[in-house]
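Overview (structure and organization)
What follows is the residue order along each chain.
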Amino acid sequence: MTLQPTVDIKNSIATKLLTHVFSIYLLIAVTATLIHMFSEYYNTKHHVVENLKMFQETFESSLAQALWDINVEQVDSIMAGIEKIPMITGIKIKSVMGISGKGIILNENKEMFVIDPAESFNLSPHQNWGQQGKQISMADESASSQVFWHQFKIFHTEVDGSKKQVGEATIYSNNRVVFQQLKHSFIFILVNAGIKTIALWVIFLYFGRILLSRPLSRLTHATKALNLDQLDDFHVDIQTKGRTELKILEEAFNNMVEKLRQAKLVIRDNIRMEGELKTAAAVQQALFPKQIPQVNNLKLAGFFQSATETGGDWYGFITELDDQLYIMIGDVTGHGTPAALVTATASATCKTIKEIFTYNGKNRRNISPSLILQKLNKLVLDAGYSKFLMTFFIAKIDLATGLMTFSNAAHNFPIVIRANGDAIHLLSRGYRLGNLEDPKFTEKTLQLEMDDLLFFYTDGLTETQNEQGEMWGERRLVRYLKKHRNLPIEELVHNVVQESYRFCNNRPLEDDVTIVTCRVAEPFTVTLN
């Protein structure tokens, strides 16, 4: 597959990278080139000065003889020859006899002058040379160039070998001469620097696109082509060698694709499980009473909230018996689907027991709460294989007399709030269902009275915690029930739950919450002596 660049060359990351690199390179290159040019300038100027010194050796003897002989024509001829040399811009001759020559000179104040022979030859040895010159404007091209010179004394050698100074010579040159010699060198330096810069830019850009832009383009195309429905054979190869950052990025991308492939499978399984959990939740909801039973002298209400899709709490009623009401509430250790399966077993067992109660239309009043717990224990033990235990509480209320018989399998003690505000706990102990093969469950009784409020609950209500880890607790529950005992029971249940949620600042539930309430609304018809 041929990949087209995803961005133009101007916006390419390789171009941007090279732009920054070359900005620094150009600064260094320009600096190096200027240093090179200054170095060439000073080397050439030094060479010119050395040549001026060589001219001293060449012309000193002839000048010494001409000055000694006071031969003005010969001095002028020698100076004319010297001035024809390209690198010499002027010469000044001072003789002890007053002979001088022309040229561009500097006086003691570093002012530039052109010396005219007609004026200079008539000077006496004691006259100031500079005052007779013609001053040149600094705007003049020759005068605006920096002047440098070589000055030397002229000695005449006598027959006996002794030397006598006959004059002084100054040979002048300037920067125009230097730059004239440097012209070709400067052009070569600039052209060379330009060619290297352009060549490096092209080479770096070419390899930058091969090593950086093209691999990134492949990754970009792969990212755009990524499709969750086509991950099985999806793989990207950026076609780069070596253990570079781009190779690591390629491996990370392919690892990401593999993780997406695995996540897709997990998501697919989660969707399937979510559907199954919703089905399980719907099935579990069917285990609860479709509607709260209507009993003449009792008002009932129930509430269930699971911490997950399915829970381990359950409550139910048996009302089909004449003048008998059974209230049942249970809590499997833990929550979730396994706990829901155990509650389903318990619910089915209770319904089976109900059918036994009404077999052939005959009511069997001698089925006690403790006997029901024994039957449930065996079924929970078989269903949970001792891995899941269940607390359970059963209360049987005689609707004629108001006598309540109850038995407990390690469940939270229900609370009875009397009309005068006293709180009574239904204390009855027993082993959790599924814990032992054949446990014994005791029974206790309590005579219900008018306006008594019965409150059955699971520990998910009282064990809700706030951010500090403090539980709402049974004391707050009892205090709240006493204060609001006269509320309609549906409203009371709702308010209790909201009070618990407010305490934990509406944090997610950590356990299922189940409540059953019952209020004695009318007097019982039979009074026990």
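Okay, so let's go over this structure. For clarity, every value in this text was computed on a predicted model and none was experimentally measured. (Residues numbered from 1 in each chain as written. Predicted model: local features only at pLDDT ≥ 70, side-chain atom pairs only at ≥ 80, totals over all residues. Heavy atoms only, no water.)

So, about the sheet that holds strand β9 (residues 324-332). As summarised here, the arrangement of the 5 strands in space is β8-β9-β10-β11-β14, forming an open sheet in which the pairing is antiparallel. Whereas interior strands pair on both sides, the edge strands pair on one side only; in this sheet they are β8 (313-318) and β14 (444-447). Strand-to-strand, the axes of this sheet are offset by a mean angle of 15 degrees, without reference to chain direction. Pairing of β9 with strand β10 (residues 390-398) involves 9 bridges; the strand directions are antiparallel. Residue pairing for β10: G330 is matched across the bridge by F392. (Pairing = 2+ DSSP bridges. Helix = DSSP H or I, 4+ residues; strand = E, 2+ residues; numbered from the N terminus. Axes fitted to C-alpha atoms, helices over the stretch in contact; angles between N-to-C directions.)

Counting across every chain of the model gives 9 aromatic pairs. Centre to centre, the rings of W149 and Y172 are 5.9 Å apart; their planes meet at 55 degrees, and the pair counts as tilted. Of this pair, W149 sits in strand β5 (residues 147-157) while Y172 sits in strand β6 (residues 163-174), and the two are 23 residues apart along the sequence. Seen from their ring centres, F455 and Y457 are 5.9 Å apart, and the 40 degrees between their planes marks the pair as tilted. Comparing F455 with Y457, the two get one shared label, buried. Among the aromatic residues, those joined into a cluster by ring pairs are Y41, Y42 and F179. (Phe/Tyr/Trp six-rings, centres within 6.5 Å; stacked < 30°, edge-to-face > 60°. Buried < 20%, exposed > 50% of the residue type's maximum accessible area, 1.4 Å probe, protein only.)

With that out of the way, let us pick up the side chain of T170. Tracing the chain through its elements places T170 in strand β6. Side chain to side chain, T170 and Q151 meet in a polar contact 3.0 Å long. T170 has contacts with G90, I91, K92, W149, H150 and Q151, leaving out every residue within four places of it along the chain. (Polar contact = N/O pair within 3.5 Å; in protein donor to acceptor, adjacent residues only side chain to side chain. Contact = heavy atoms within 4.5 Å.)

As a further point, take the pattern of salt bridges. With the rule as written, the count across this model stands at 6 salt bridges. With a shortest N-O distance of 3.7 Å, E449 and R418 are connected by a salt bridge. Separated by 31 residues along the polypeptide, E449 in the loop between β14 and β15 (453-457) and R418 in the loop between β12 (415-417) and β13 (423-425) bring together distant segments of the chain. Judged by its relative accessible area of 45%, E449 falls in the partly exposed class. (Salt bridge = Lys/Arg side-chain N within 4 Å of Asp/Glu carboxyl O.)

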